[in-house]
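Each chain, letter by letter, is given below.
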Amino acid sequence: MSAEIMDGKAISKEIQAEIAVEVAQFTQSSGVTPCLAAVLVGDDPASEVYVRNKHRACERVGIASQMHKLPASTTEEELLELIAELNSSTDVHGILVQLPLPEGIDTLRVLDAVNPHKDVDAFHPENVGLISQGRPRFLPCTPHGVQQIIDRCGIEMTGKHAVIVGRSDIVGKPMSMLLTARNSTRGPQAANATVTICHSRTKDLAAVCRTADVIIAAIGVAEFITADMVKPGAVIIDVGINRTEKGLVGDVDFDGVSEVASHITPVPGGVGPLTVTMLMYNTLEAAKLLQS
Ligand code: NDP
């Protein structure tokens, strides 16, 4: 079998075009341009690239953006002061604090300080709680992007066994909440799955993976998921981004697994572009929320 490649780049473009239409309609009817404020502390080159990509995406869909770049020597209190300013600014609808923050800054304290109505990453405990209760205010960007890819590729999730490898607060855990929910932004067919979450303490991970109709790999270990861990015909979503000697690779051995799976996302060009796009989606939602 040679798996069908799920083209995250093309899907991302399609969704950005939809968001651009909605942003234009919203701006025309309300007189308000949605605005995303990004906060970058320090000079981590990867973070700078991520923030730049987010600004470019804002431009493409008609969302305004602000960049607040602070030196690595910034104190936690100074950062909290900036967050407080952005929280009360009527021009700003979404606040994005680029992670990781420099050592010495309490990341959770900073993220908890973001106004939950402007928390477009959906990291605030209030927003996580709302997601877990099936009444989300914002959806977590990467898991929402994964759900969009799956549904736009015509894969039904209802009743399927999804194995998520990784239990982080950013990917694994919220992914499990979206897939076990009764509904989604794409309808019930993109949710209602039976979900197993695996992590570094899971016993016989390969055997668990072989029971999966859909595997979502969010591990951070290059090419960890190999063909022998995959049931023939399974759908493979690779969230991983690992910098190796041969360039960027995912958490899935793409060549080997493609021989067994029915569908697979590539790295790069799979989940990555969707994460940025769903941030645009949330910024528009935040602007609508502040108008309502
Ligand atoms: P974390 O490091 O926060 O979590 C990794 C998870 O994988 C943990 O739950 C860990 O288990 C588990 N894990 C690690 N090693 C093993 C192992 N040998 N066997 C089983 N489980 C293991 O990572 P993130 O969730 O933040 O990110 C995961 C990957 O996704 C990274 O490559 C990251 O760069 C990428 N990423 C990509 C995004 C995109 O837009 N495409 C967005 C966000 C992340 P335990 O909890 O037991 O330690």
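1. So, the nonpolar core
Residues L36, V146, M157, I216, I237, V239 and M280 are the most contacted members of the largest nonpolar core, which totals 50 residues. The element contributing the most residues to this core is helix α10 (residues 271-291), with 9 residues. The contact partners of I216, leaving out residues within four places of it in the chain, are V146, V163, I164, V165, M175, L179, I237 and V239. Core analysis: the second largest hydrophobic core is formed by 20 residues, V163, C198, I225 and V260 among them.

2. Concerning the side chain of D119
Within the fold, D119 resides in the loop between α4 (107-113) and α5 (125-132). Buried charge without a partner: D119 forms no salt bridge, and the closest opposite charge is R137, 6.7 Å away. Here F123 takes part through its backbone nitrogen, which lies 3.0 Å from a polar atom of the side chain of D119. Ignoring any residue separated from it by four or fewer positions in sequence, one finds D119 in contact with V114, H124, N127 and F138.

3. Points about the domain arrangement of the protein
Here the domain parsing of the protein yields domain 1 (31-117) and domain 2 (140-273). Its C-alpha centre places domain 1 at a distance of 28 Å from the equivalent point of domain 2.

4. Remarks on a nonpolar patch on the surface
On the surface, Y50, I241 and L248 cluster together to form a nonpolar patch covering roughly 230 Å² of accessible area. Looking at the secondary structure, you find I241 in the loop between β8 (235-238) and β9 (242-244).

5. Some points on the layout of surface pockets
In this structure, the second largest pocket occupies an estimated 360 Å³ of space. Listed by contribution, the elements that provide at least two residues to the lining of the second largest pocket are α4, α5 and α7 (172-180). Each of domain 1 (31-117) and domain 2 (140-273) accounts for three or more of the residues forming the lining of the second largest pocket.

6. Some thoughts on the pattern of salt bridges
Scanning all chains against the criterion turns up 12 salt bridges. Across the pair E48 and K69 runs a salt bridge, and its minimum N-O distance is 3.3 Å. A residue pair is termed long-range when its members are at least 10 positions apart, and E48 in helix α2 (residues 45-61) and K69 in strand β3 (residues 64-70) qualify at 21 residues. Looking at E48, the relative accessible area reads 23%, which means it is partly exposed. Notably, a salt bridge pairs D169 with K173, separated by 2.7 Å at the nearest N-O pair. Each of E14, E18 and R152 takes part in one network of salt bridges that share partners.

7. Let's talk about the environment of G166
For G166, the position within the fold is in the loop between β5 (161-165) and α7. Spatially, the C-alpha atom of G166 lies 23 Å from that of I5, the residues being 161 residues apart in sequence. Setting aside anything within four residues of it in sequence, one finds G166 in contact with G172, I197, C198 and A218.

8. What to know about the pairing of strand β6 (residues 194-198)
For β5 and β6, the ladder comprises 5 bridges, and the chain directions are parallel. Bridge assignment links V163 to a residue of β6, and that residue is T196. Read as a crossover between parallel neighbours, the route from β5 over α7 to β6 is right-handed.

Rules behind the numbers
Residues numbered from 1 in each chain as written. Predicted model: local features only at pLDDT ≥ 70, side-chain atom pairs only at ≥ 80, totals over all residues. Heavy atoms only, no water. Core = buried A, V, L, I, M, F, W, Y, C linked by side-chain atoms within 4.5 Å. Buried < 20%, exposed > 50% of the residue type's maximum accessible area, 1.4 Å probe, protein only. Helix = DSSP H or I, 4+ residues; strand = E, 2+ residues; numbered from the N terminus. Contact = heavy atoms within 4.5 Å. Lys, Arg positive; Asp, Glu negative; His and termini not counted. Salt bridge = Lys/Arg side-chain N within 4 Å of Asp/Glu carboxyl O. Polar contact = N/O pair within 3.5 Å; in protein donor to acceptor, adjacent residues only side chain to side chain. Domains from an automatic or database assignment. Patch = residues over 30% accessible without salt bridge, like charges linked within 9 Å, V, L, I, M, F, W, Y side chains within 5 Å. Areas by Shrake-Rupley, 256 points an atom, 1.4 Å probe, with all protein chains shown as cover. 1 Å grid on protein atoms, 1.4 Å probe; cavity = no way out; pocket = protein on both sides within 12 Å on 5 of 7 lines; lining within 4 Å. Points joined across faces, edges and corners; volume = space filled by probe spheres on them. Pairing = 2+ DSSP bridges. Right-handed = clockwise from strand over helix to strand, strands pointing away.

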